[in-house]
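# Close look at the chain arrangement
Given next are the chains, with one letter for each unit.
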Amino acid sequence: MKVGLTRIAHARSGDKGDTANVGLIALRDEFYPLLVREVTSARVKEHFRGICQGEVERFELPNLGALNFLLHQSLGGGGTLSLMTDAQGKTFSTALLRMQIDIDDEEALRLGLTAEN
Amino acid sequence: MLTGMKDRVRIAAGQGFWGDLPEAPVRQVEGGAIDYLMLDYLAEVTMSIMQKQKARDAKAGYARDFVTLMKEILPTCMERDVKVVANAGGVNVRGCAVAVAEVAYELGLMGKLKIGIVSGDDILDRLDDFLARGIELRNMDTGEALHTVRDRIQSANAYLGAAPIVEALSKGVQVVITGRATDTGLTLAPLIHEFGWAVDDWDKLAAGTIAGHIIECGAQCSGGNCQYDWQSIPDLANVGFPIAEASADSTFVITKHENTGGRVNLPSVKEQLVYEMGDPHEYITPDCVADFTTIQLTEDGPDRVRVSGIKGRPATDSLKVSISYSAGYKAVGTLVYSWPDAYRKAEAADKILRARLQRMGLSFDQILTEYVGANATHGPLAGEPSPDLAEVQLRVGVRGNDRAAIEKFTKEIAPLILTGPPGVTGFAGGRPKVEEVVAYWPALIPKSEITASVKFLNV
């Protein structure tokens, strides 16, 4: 079944020059392996198609149940050069949470995730 | 532990950026027991604004807000022995200290106040010497050589770490004012001073650095901008700014004053930990390299999160340098289109605008159109805009080196009201303003080139 990331994670994003960073944090510890397995760099790069022009790097923080993504060349030049409303990448967090991931029904049941209405 | 040394030190954050809640530091000082008030005033481009202010007036070039604040809180700080550490000095640290001293005189604090002045970060006058000696100061992000922007540079500062602040504190000052010091150093320095941590005790230095990282954005770790269960976060109108309550063993608790709003819990602290994070294995500061993958968080009662387990590694041989340079001009114009077909109207207006700009022969380095209300923040992820949107704001920005071209652009927005699609409003602000773009150039410099200076002013 498909599950929206909003049901299993929260996030915060920011900027370093033209790179946006998105920290994606599991809502419960047992959701973290799901994030590690499903929310890959390639998946995130594809999700931000048309927005992220560069590479996507991913770092794991199992101690926080979190992943950190660096989305290079994503902020229209970054800082004061950027003309974007969100030149600081503050809303990349919620943009990432739009992602839907596939979970088989058995695993969903085990994690207490029921089908969305 | 040495006799007289504290076993617990409470450091309160009072400003997350220059322009944060003016009353926050006052409430931190008056709302409960703290030992230090830490104030971060300097964003990356703040230094260029301050250089311009100083060029106009040799006495200016620092955060005036800090002086106003000191007038309000200095008597209470002295009465309660709250020490203040602030990077409010900008490009005129001495000028800032003198202004605080004047305030102290007015308040009748003569003979009681000692101010520490930390400078040596300003390298604007030394750039040509560096370049001549082969210190290239290449852009860390792009690899470009500095000479491409040399004649447009407005400010250049190395980020100082905790050491000179520790030196000032060791001489018994009540207030330490720095120029470009790292945000994290403002928190780490009091801990080194109070607990006598060794300069190569990397785990402890990393812990103090991470304490600084958590509280440096003010309420962003205590309920502000927190996605987790945001609707249940109580009383943000009365949000409590964070306090790092540190122990000599380098564990610490993030908390806030009682009877304040907001929330400190695992999710609020985790969100701040990942904010503006690069490679979590190496968070590099002048003081150490901190490893965010070693942080252990546990709830320690209501609005208390305990942080422990932090590992660090030796500091690098470099300091980060922040250079600002003039990079042309920009302007942003907006108009609001209403239902029905708000998005289509805004889109049509953009086409008309661009055709006119082209006919005028204007070209820009960058032109960007956004549709606020439809997809300005999430772009294509927002999906096809609904024809039923109540309104859409057309937002067009241009940037380029030719100021005259940008000026002409600003005169083309309002005419769209009478010469473009219908149902338009939202032009009350008049013509868009042309802004100078001051861009940021990050670089590295060998530590051996930078000597921090620590001086004192006795009031």
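Look up a bit, the structure's there.
Overview of the structure. Keep in mind the model is a prediction, meaning the values are calculated, not measured. (Residues numbered from 1 in each chain as written. Chains lettered and ligands numbered in written order. Predicted model: local features only at pLDDT ≥ 70, side-chain atom pairs only at ≥ 80, totals over all residues. Heavy atoms only, no water.)

## Description of the nonpolar core
Residue and element names in this part refer to chain B. Residues L137, F252 and I254 are the most contacted members of the largest nonpolar core, which totals 75 residues. Ranked by residue count, the leading element in this core is helix α8 (residues 202-215), at seven residues. Sequence-distant contacts of L137, defined by excluding residues within four places in its chain, comprise L127, F130, L146, V321, I323, W441, A443, L444 and I445. (Core = buried A, V, L, I, M, F, W, Y, C linked by side-chain atoms within 4.5 Å. Buried < 20%, exposed > 50% of the residue type's maximum accessible area, 1.4 Å probe, protein only. Helix = DSSP H or I, 4+ residues; strand = E, 2+ residues; numbered from the N terminus. Contact = heavy atoms within 4.5 Å.)

## Describing unusual backbone geometry
With an omega of -5°, the peptide bond between W339 of chain B and P340 of chain B qualifies as cis. With respect to the secondary-structure elements, P340 of chain B resides in the loop between β14 (318-338) and α10 (342-359). Located in the positive-phi region is Q73 of chain A, a residue other than glycine, with phi close to 50°. Summarising the element assignment, Q73 of chain A is placed in the loop between β5 (66-71) and α3 (92-96). Judged by its relative accessible area of 46%, Q73 of chain A is partly exposed. Positive phi is not limited to glycine here, since D235 of chain B has a value of about 45°. The residue D235 of chain B is located in the loop between α8 and β7 (243-247) in this model.

## What to know about the pairing of strand β6 (residues 175-178) of chain B
Residues and elements named next belong to chain B. Here β6 shows two buried faces, one formed by V175 and I177 and the other by V176 and T178. Direction of pairing for strand β3 (residues 83-86) relative to β6: parallel, over a ladder of three bridges. Within the sheet, the bridge partner assigned to V85 lies in β6 and is V176. With four bridges connecting them, strand β4 (residues 114-119) and β6 associate as parallel partners. Following the sheet pairing, G116 is matched in β6 by V176. (Pairing = 2+ DSSP bridges.)

## A few points about the interface of chain B and chain A
Chain B puts 47 residues into the contact, and the matching count from chain A is 39 residues. The contact between chain B and chain A buries some 3600 Å² in all, and 56% of this surface belongs to carbon and sulfur atoms. Considering only the side of chain B, the residues that lose the most area to chain A are Q227, H378 and L381 of chain B, jointly responsible for 19% of the buried surface there. When the shortest N-O distance is used, the salt bridge between E271 of chain B and R12 of chain A registers 3.3 Å. At the surface where chain B touches chain A, the tally comes to 28 residue pairs in polar contact (both at pLDDT 80 or more). Contributing elements (two or more residues each) for the side of chain B that touches chain A: α9 (266-273), β11 (296-299), β14, β15 (366-372), β16 (391-400) and β18 (435-446) of chain B. Looking at side-chain class alone, the side of chain B that touches chain A contains 24 nonpolar, 14 polar and nine charged residues. (Buried area = accessible area lost by both parts, 1.4 Å probe. Salt bridge = Lys/Arg side-chain N within 4 Å of Asp/Glu carboxyl O. Polar contact = N/O pair within 3.5 Å; in protein donor to acceptor, adjacent residues only side chain to side chain. Nonpolar A, V, L, I, M, F, W, Y, C, P; charged D, E, K, R; others polar.)

## Quick word on the environment of G31 of chain B
Within the secondary structure, G31 of chain B is located in the loop between α1 (24-30) and β2 (36-39). Linking G31 of chain B and G240 of chain B, residues 209 residues apart in sequence, is a C-alpha distance of 9.3 Å.

## Focus on the side chain of H47 of chain A
Mapped onto the secondary structure, H47 of chain A falls in helix α2 (residues 41-47). Residue classification places H47 of chain A among the buried positions, given a relative accessible area of 14%. Not counting chain neighbours up to four residues away, the residues in contact with H47 of chain A comprise A95, L96, R98 and M99 of chain A together with L381 of chain B.

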